[in-house]
Amino acid sequence: AAPMPSDARRIDVETAAQMHDAVIHEFPSHDLLIMAAAVADYRPKHVLSGKLAREGTLTIECEATEDILAAAGAMKRMDQRTVGFSLETRGNLDRSREKLLRKRLDLIVYNATDTMNSATIESVLLWPDGRSETLPSRTKADFADILLTRAAELFK
């Protein structure tokens, strides 16, 4: 993990619900929100406080977590921008475009699931007006520089 910059403030959370609350609380005082991935799509519906005895089979019922980026997109002001990521099967740009519009994002980064845990990223940047930019494979640090440049351009 990269070291925490000295001029950054970190908010520690343990659950998707806590992250949702932190983002909803903090976003109004910021211009840009970039969310790299969903913290979790599902959580256990019931949480036990003690140890569960091992007996037979176990079924864990789950429920969807809050969509943090969609919530931020729904509350953003005209002077704020939101950027998200869409991890999809290779070539499934339609799902990324759907997420871009449904979550009211200003930019979404499509990247294929087969690049997970890779030192590099292949991506396609998608904008609500239909524009796209295909970026060839590059290090994640180089990609981050491009993404921040494109995010800054959203304010022009």
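Cut-offs used in this document
- Residues numbered from 1 in each chain as written.
- Predicted model: local features only at pLDDT ≥ 70, side-chain atom pairs only at ≥ 80, totals over all residues.
- Heavy atoms only, no water.
- Axes fitted to C-alpha atoms, helices over the stretch in contact; angles between N-to-C directions.
- Helix = DSSP H or I, 4+ residues; strand = E, 2+ residues; numbered from the N terminus.
- Parallel < 35°, antiparallel > 145°, perpendicular 65-115°, else oblique.
- Left-handed = near helix turned anticlockwise from the far one by under 90°.
- Contact = heavy atoms within 4.5 Å.
- Nonpolar A, V, L, I, M, F, W, Y, C, P; charged D, E, K, R; others polar.
- Patch = residues over 30% accessible without salt bridge, like charges linked within 9 Å, V, L, I, M, F, W, Y side chains within 5 Å.
- Areas by Shrake-Rupley, 256 points an atom, 1.4 Å probe, with all protein chains shown as cover.
- Salt bridge = Lys/Arg side-chain N within 4 Å of Asp/Glu carboxyl O.
- Buried < 20%, exposed > 50% of the residue type's maximum accessible area, 1.4 Å probe, protein only.

Turning to the packing of helix α1 (residues 16-26) against helix α2 (residues 68-75), a few remarks are in order. Look at α1 against α2: their axes get within 10 Å of each other, and the N-to-C directions meet at 20°. Considering their axes alone, α1 and α2 lie roughly parallel with respect to each other. Helix-helix and strand crossings are classified by hand; for α1 and α2 the assignment is right-handed. Within the contact between the two elements, α1 uses Ala 16, Met 19, His 20, Val 23 and Ile 24 and α2 uses Ile 68, Ala 71, Ala 72 and Met 75. Among the residues making up the contact of α1 with α2, the classes are represented as eight nonpolar, one polar and no charged.

On the surface, Leu 48, Leu 52, Leu 58 and Ile 60 cluster together into a nonpolar patch covering about 420 Å² of accessible area. Structurally, Ile 60 is set in the loop between β2 (42-44) and β3 (62-64).

Per the stated rule, a full pass over the model turns up 17 salt bridges. For the salt bridge of Asp 12 with Arg 10, the shortest nitrogen-to-oxygen distance reads 2.8 Å. When sorted by exposure, Asp 12 lands in the same class as Arg 10, which is exposed. A salt bridge links Arg 90 to Asp 114; the nearest nitrogen and oxygen atoms lie 3.1 Å apart. Placement of Arg 90 in the loop between β4 (81-88) and α3 (93-102) and of Asp 114 in the loop between β5 (107-112) and β6 (120-126) is noted, with a sequence separation of 24 residues between them. Connected through salt bridges with shared partners, the residues Asp 67, Glu 98, Arg 102 and Lys 103 form a single ionic network.

Geometric values such as these leave the question of function open.
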